Amino acid sequence: NAAGAREATTDCEGEPIHMPGTIQPHGALLVLGGPDLVVRRASCNSAEFLGIPPEALLGRPLDGLLGPSQTAQLWMVASDPQPSRFNAVKLSLPDVVATRPFDALFHRVNGELVVELEPTADADGEFGAYYRTVQRATVRLQSAGDVADLCEVAAEEVRRVTGFDRAMVYRFDAEWNGEVVAESHADDLPPTYLGLHFPASDIPAQARRLYETTLIRAIPDARYVPVGVVGLDDPAIGSQLDMSGCVLRSVSPMHLEYLRNMGVAATLTISILRDGRLWGLIACHHRRPRAIPFDRRVTCEFFGQVIAAQVAIREDGEERAYRLGASALRPRLLEQMARSTPSVWGLIQARPGLLDLIDAGGAAVVREGECRTVGVSPGEPAILEIAEWLAREEAGVVFATDALPDRCPVVGASAEAPAGLLALELSRERRSYLMWFRPGRERVVHWAGDPNKPMLPGDPTGPARLHPRRSFDLWKQTVRGRSEPWKPREVAAAAELRGAVLGVLASEEQLQDRARR
Ligand code: BLA
């Protein structure tokens, strides 16, 4: 039910995912503070990586652990005023037997230096082949056609580069609902998510904000047991560590459950930004645990930026092409008006016409209690009522809504009723309007599989809403009675058309006046 959905959203958004107090176990974490970089916090698994248990690390200055030359190297990284995320130092510990080679990743938070140790990539020799793979991917992305084609290539290439079972491009809409717009999968897996929509609550607001600053995240094993972090016995240490920038940050239990319900053992997620905001994600799934070493994650992050740049180029291109198309179409609509009596009916007769200017299910022209329609539109009585309502409400000269049943009481929320309305006022006194209608979104969904067949055996006792299919149902609830939103460029094109149409109508009136005299 809708109330339940809202509640779940609120709960999810309240979880402080940036300070879980624990980390994932595939690495170890140290927090250093003070002028001597003394270890103030350490993860409970430190012995596994450093050979030293956390209690024995706390209070020790760094140079005692690393020796003077590595400490100096670390200082250099630590004092960089603009620390790069791409900076990792390969460290080895002189006085202890390190159990395995690792990368050390650094960043600062609230005056402390956070050090994360992760197993390093072992096969440096592979780099040549890896580089060629990335280069090939970059070339393919740059030569992709439109945004849809680009997403297709992005999913394929990210899967190839990461070796995951499945890679998807997940695109957000204006309300942060998402749709899987491309999917690449291993040969022995079926396509599963392509075309599916998910509600905004599946990736709550605080998570989306975080993903705008940390552009790549890995969960190598979704069934992991979280590792605690202990601190010096000092009141200042009592406060929770802000792990926003930690690659080892423990993941929300809600999300881990979601992944388990999906049958996913490992994920890698890459942000795609547009003007600093999240445009979409590349989500990779693997059936077995899978870790991607730091070097490769950096490559994937770079890859996300290439994709983002290519998205921007194509979207800007589409914008320009749309504007050009609209300005070419406008004179043809006006020509048809000149050939029709009364002229406004010409707008309905023109081919290409109103539905080529604005992507909608149908359009109508209302004039003095009469109307003409093209495409799929409500019946004449309903259209006339909408015109009455627009006039009464003083809806303005350009009115756009993607939630008409909510806004306009005369439109019922029936499956046939339009959910989106873009209306241009031609004359309020005469109840004369030009309208476009869009259907409800739940009807424009394309299914990849049988919606009634559960995707996974799943855990029947688990929270039902976390099942991806149910999640899709939840999305359908949140968008009931809602249409695809009108794009700003469409509203702008409609407003420009209104100006031109009013010009034609004014001269028509002058002619009629003259004829009468
Ligand atoms: C995070 N949810 C996420 C992430 C994705 C999704 C991609 C990013 C984290 C990651 O895996 O790297 C959702 N993943 C999807 C979707 C698909 C997919 C839609 O593969 C489709 C194919 N999630 C819920 C509900 C809650 C919730 C109801 O469904 C809250 C009650 C929470 N999701 C949630 C939280 C995070 C998250 C809190 C942040 C996880 C973190 O970074 O700690």
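Residues numbered from 1 in each chain as written. Predicted model: local features only at pLDDT ≥ 70, side-chain atom pairs only at ≥ 80, totals over all residues. Heavy atoms only, no water.

Caption draft 1: Broad picture of the pattern of salt bridges. Enumeration according to the criterion identifies 28 salt bridges in this entry. The residue Arg160 makes a salt bridge to Glu157 at a minimum N-O spacing of 3.4 Å. You can see Arg160 and its partner Glu157 sitting in helix H7 (residues 147-162), 3 residues apart, about one turn around the helix. According to the relative accessible area criterion, Arg160 is partly exposed, its value standing at 43%. In this structure, Arg287 and Asp165 form a salt bridge, with 2.9 Å as the shortest nitrogen-oxygen distance. Of this pair, Arg287 sits in the loop between strand E13 (277-286) and helix H10 (294-338) while Asp165 is found in the loop between H7 and strand E7 (166-172), placing the two residues 122 residues apart along the sequence. Taking relative accessible area as the criterion, Asp165 reaches 7% and is therefore assigned buried. The structure contains a network of salt bridges with shared partners spanning Arg136, Arg140, Glu156, Glu157 and Arg160. (Salt bridge = Lys/Arg side-chain N within 4 Å of Asp/Glu carboxyl O. Helix = DSSP H or I, 4+ residues; strand = E, 2+ residues; numbered from the N terminus. Buried < 20%, exposed > 50% of the residue type's maximum accessible area, 1.4 Å probe, protein only.)

Caption draft 2: Representation of the side chain of Thr269. Considering the arrangement of structural elements, one finds Thr269 in strand E12 (residues 266-274). Beyond its immediate sequence surroundings of up to four residues, Thr269 is in contact with Leu215, Ile216, Arg217, Leu281 and Ile282. (Contact = heavy atoms within 4.5 Å.)

Caption draft 3: Local environment of the sheet that holds strand E15 (residues 370-375). Strand order in the open sheet formed by 5 strands is E15-E14-E18-E17-E16, and the pairing between neighbours is antiparallel. Bordering the open sheet on either side are E15 and strand E16 (398-401), each of which pairs with just one other strand. The mean inter-strand angle of the sheet, taken between neighbouring strand axes irrespective of direction, is 15 degrees. By the bridge criterion, 5 bridges tie strand E14 (residues 362-367) to strand E18 (residues 432-438) in an arrangement that is antiparallel. In the strand pairing of E18, Ala363 is matched with Trp436. Sitting on the sheet, helix H13 (residues 380-393) is in contact with E14, E15, E16, strand E17 (420-427) and E18, with an inclination near 115 degrees to E18. The strands touched by helix H16 (residues 488-516) within the sheet are E16, E17 and E18, with E17 carrying the most contacts at an inclination of about 25 degrees. (Pairing = 2+ DSSP bridges. Axes fitted to C-alpha atoms, helices over the stretch in contact; angles between N-to-C directions.)

Caption draft 4: Structural view of the site of the ligand. Taken together, 25 residues lie near the ligand, and Cys12, Tyr211, His255, Thr269 and His285 sit nearest. A distance of 3.0 Å separates an oxygen atom of the ligand from a polar atom in the backbone of Ser252. His285 is positioned with one of its side-chain polar atoms (N or O) 2.7 Å from an oxygen atom of the ligand. Compared with its free state, where it exposes 880 Å², the ligand has 98% of that area covered by protein. Elements with a minimum of two residues in the shell around the ligand: E7, helix H8 (205-213), helix H9 (253-262) and E12. In terms of residue count, H9 provides more of the shell around the ligand than any other element does, 4 residues in total. Residue classes in the shell around the ligand are distributed as 15 nonpolar, 6 polar and 4 charged. (Near = heavy atom within 4 Å. Polar contact = N/O pair within 3.5 Å; in protein donor to acceptor, adjacent residues only side chain to side chain. Areas by Shrake-Rupley, 256 points an atom, 1.4 Å probe, with all protein chains shown as cover. Nonpolar A, V, L, I, M, F, W, Y, C, P; charged D, E, K, R; others polar.)

Spatial relationships are all this shows, so hold off on functional conclusions.
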